[in-house]
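What follows is each chain in one-letter form.
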Amino acid sequence: MGTAFFYHLTCSPLETVLPMLLEKSRANGWRVVVRGTEAKHLEWLDEKLWLGPDDGFLPHGLAGGEHDAMQPILLTDQKTAANQPDVLISVAGADVLAGELDEFERVSIIFDGNDENSLNHAREQWKSLVDSGASAQYWAQDDGRWVKKAER
């Protein structure tokens, strides 16, 4: 079974961290699905990605368009993605099932450490995945850099 990478945001907001993970995924030649829970939040993320720096352009789209299958990065609130992704990035508490860890090259779960509901959901997600036999790594921001704090 694959590994889930948990990213605990404490210093940087999602709109700063997500592009970093997307750039690394694209550098590996991977197609990505960003799974959220609410269309409005995904629309906001879409706008943030379009407003990024010119030298860091990330080609992407919101699910529901006629070119979904061709998108290197697809933002959706659905369990399936038309772009045949290699990477799943969960945001805003979107659930990841243990069986999905084997479907992707990489699974990342990003959660806001300043939001109690987000923190509790991430803890439940960690426990659920680990209890099902999955591996998990917990990364947290420490003085602006990422530090691995736990692994199971």
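Structure: above.
(A) Fine view of the overall build of the chain. A count of helices and strands for the chain gives three helices and eight strands. Listed by position from the N terminus, the elements making up the chain come as β-α-β-α-β-β-β-β-α-β-β. Each principal axis of the C-alpha atoms in the chain carries an extent, and together these give about 40 × 35 × 30 Å. Per-residue burial for the chain yields a buried fraction of 43% across its 152 residues.

(B) Spotlight on the packing of aromatic side chains. Applying the stated criterion across every chain yields a total of three aromatic pairs. Seen from their ring centres, Tyr7 and Trp146 are 5.3 Å apart, and the 85° between their planes marks the pair as edge-to-face. Of this pair, Tyr7 sits in strand β1 (residues 3-9) while Trp146 sits in strand β8 (residues 145-151), and the two are 139 residues apart along the sequence. For Tyr7, a relative accessible area of 6% puts it in the buried group. Arg106 extends its terminal NZ or CZ atom over the ring of Phe5, reaching a point 3.6 Å from the ring centre.

(C) Fine view of the side chain of Gln141. Inspection of the secondary structure puts Gln141 in strand β7 (residues 135-142). Of the residues examined, Gln141 reaches a relative accessible area of 9% and is grouped as buried. Within polar-contact distance, the side chain of Gln141 engages the backbone nitrogen of Thr10 at 2.8 Å. Within the structure, Gln141 has its side chain in polar contact with the side chain of Ser12 (distance 3.0 Å). Excluding residues that lie within four positions of it along the chain, Gln141 makes contacts with His8, Leu9, Thr10, Cys11, Ser12, Val17 and Trp146.

(D) Geometry of unusual backbone geometry. Not every positive phi belongs to a glycine, and Gln84 is a case in point at roughly 45°. Here Gln84 lies in the loop between β4 (73-76) and β5 (87-90). Even without being a glycine, Asp143 presents a positive backbone phi close to 55°. Tracing the chain through its elements places Asp143 in the loop between β7 and β8. Asp143 gets classed as exposed once you look at its relative accessible area, which sits at 76%.

(E) Geometry of the sheet that holds strand β3 (residues 61-62). Strands sit in the order β3-β4-β2-β5-β6-β1-β7-β8 across an open sheet of eight strands; the sheet is mixed. One side of each edge strand has no neighbouring strand; the edge strands of this open sheet are β3 and β8. Across the sheet, helix α2 (residues 39-50) is in contact with β2 (32-35), β3 and β4; its angle to β4 comes to roughly 150°. Sitting on the sheet, helix α3 (residues 116-131) touches β1, β6 (106-112), β7 and β8, and the angle it makes with β6 is about 150°.

(F) Highlighting the nonpolar core. If you look at the biggest cluster of nonpolar residues, it comprises 21 residues, and the most contacted ones within it are Leu18, Leu22, Val34, Ile89 and Ile110. Of the residues forming this core, the biggest block, five residues, is contributed by helix α1 (residues 14-27). Setting aside its immediate chain neighbours within four residues, Leu18 contacts Val34, Leu45, Ile89 and Ile110.

About the cut-offs
- Residues numbered from 1 in each chain as written.
- Predicted model: local features only at pLDDT ≥ 70, side-chain atom pairs only at ≥ 80, totals over all residues.
- Heavy atoms only, no water.
- Helix = DSSP H or I, 4+ residues; strand = E, 2+ residues; numbered from the N terminus.
- Buried < 20%, exposed > 50% of the residue type's maximum accessible area, 1.4 Å probe, protein only.
- Phe/Tyr/Trp six-rings, centres within 6.5 Å; stacked < 30°, edge-to-face > 60°.
- Lys NZ or Arg CZ within 6 Å of the ring centre and 35° of its normal.
- Polar contact = N/O pair within 3.5 Å; in protein donor to acceptor, adjacent residues only side chain to side chain.
- Contact = heavy atoms within 4.5 Å.
- Pairing = 2+ DSSP bridges.
- Axes fitted to C-alpha atoms, helices over the stretch in contact; angles between N-to-C directions.
- Core = buried A, V, L, I, M, F, W, Y, C linked by side-chain atoms within 4.5 Å.

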